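Survey of secondary and tertiary structure
Below, each chain spelled out in residue letters.
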Amino acid sequence: MKPDMNVSWAEHLKNGNVWRADVELAMQDTPEDDEIIYSVQVYVVAPTQALAQYIIATMYPNYETLFIDDNPVGTTA
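Residues numbered from 1 in each chain as written. Predicted model: local features only at pLDDT ≥ 70, side-chain atom pairs only at ≥ 80, totals over all residues. Heavy atoms only, no water.

1. Side note on the pairing of strand E1 (residues 18–26)
Regular strands place their side chains on alternate faces of the sheet. Keep this limit in mind: Should DSSP find at least two bridges between two strands, the strands are regarded as paired. Helix and strand definitions here come from DSSP, where helices need a minimum of 4 consecutive H or I residues and strands a minimum of 2 consecutive E residues; each element is numbered from the N-terminal end.
With nine bridges connecting them, E1 and strand E2 (residues 37–45) associate as antiparallel partners. In the strand pairing of E2, Val-18 is matched with Val-45. Inspection of the sheet shows E1 paired to strand E3 (residues 63–68) by five bridges, in the antiparallel sense. Bridge pairing in E3 links Val-23 to Leu-66.

Okay, here's the thing in structure tokens:
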């Protein structure tokens with residue numbers, strides 16, 4: 001099957017549909033008193049910040065903290 005259209009990463013960036021988030025996750029299988037937190041930077045394609053947050057929270061349901069930039073990647077103000 002051949003797709004009718006391909007939307008590239010560059011096209012998503014140009015359209016302001018890429019959101020960057022910083023996510024802190026607890027290392028699994030470590031004792032509670034020896035909990036290790038690590039940071040992950042995640043890029044998501046979504047038309048809105050709210051949808052990007054929902055996608056990331058669904059992908060990483062056990063996150064410690066989640067911060068999404070106010071503007072899409074590649075845009076200003």
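2. Here we look at the sheet that holds E2
Rule in force here: A fitted line through C-alpha atoms serves as each axis, taken over the contacting stretch for helices, and the angle formed by two N-to-C directions is quoted from 0 to 180°. Contact definition: two residues touch when any of their heavy atoms are within 4.5 Å.
Spatial ordering of the open sheet is given by E2-E1-E3, a layout of three strands whose pairing is antiparallel. Of all the strands in the sheet, the pair left with one neighbour each is E2 and E3. Here the strands of the sheet are splayed against their neighbours by 20° on average, with no regard to which way each runs. Along the sheet face, helix H2 (residues 49–59) touches E1, E2 and E3 and points at about 160° away from the line of E3.

3. Re the pattern of salt bridges
For side chains of opposite charge, pairing can occur when their charged atoms come near one another. Using the following cut-off: Salt bridge, as used here: a side-chain nitrogen of Lys or Arg that lies within 4 Å of a carboxyl oxygen of Asp or Glu. Burial classification: accessible surface area is computed with a 1.4 Å probe over protein chains only, and a residue below 20% of its type maximum counts as buried, one above 50% as exposed, and the rest as partly exposed.
Tallying each qualifying case throughout the model produces three salt bridges. Between Asp-22 and Arg-20 there is a salt bridge, with its nearest N and O atoms 2.9 Å apart. Given a relative accessible area of 30%, Asp-22 falls into the partly exposed group. Residue class for Arg-20 comes out buried when judged on its relative accessible area of 18%.

4. A closer look at the confidence of the model for the protein
Basically, it comes down to this: pLDDT expresses how confident the predictor is about each individual residue, on a scale running from 0 to 100.
On average, residues of the protein score 89 in pLDDT, and 88% of them are at 70 or above. Ranking the helices and strands of the protein by mean pLDDT puts H2 first, with 96, and helix H1 (residues 9–14) last, with 92.

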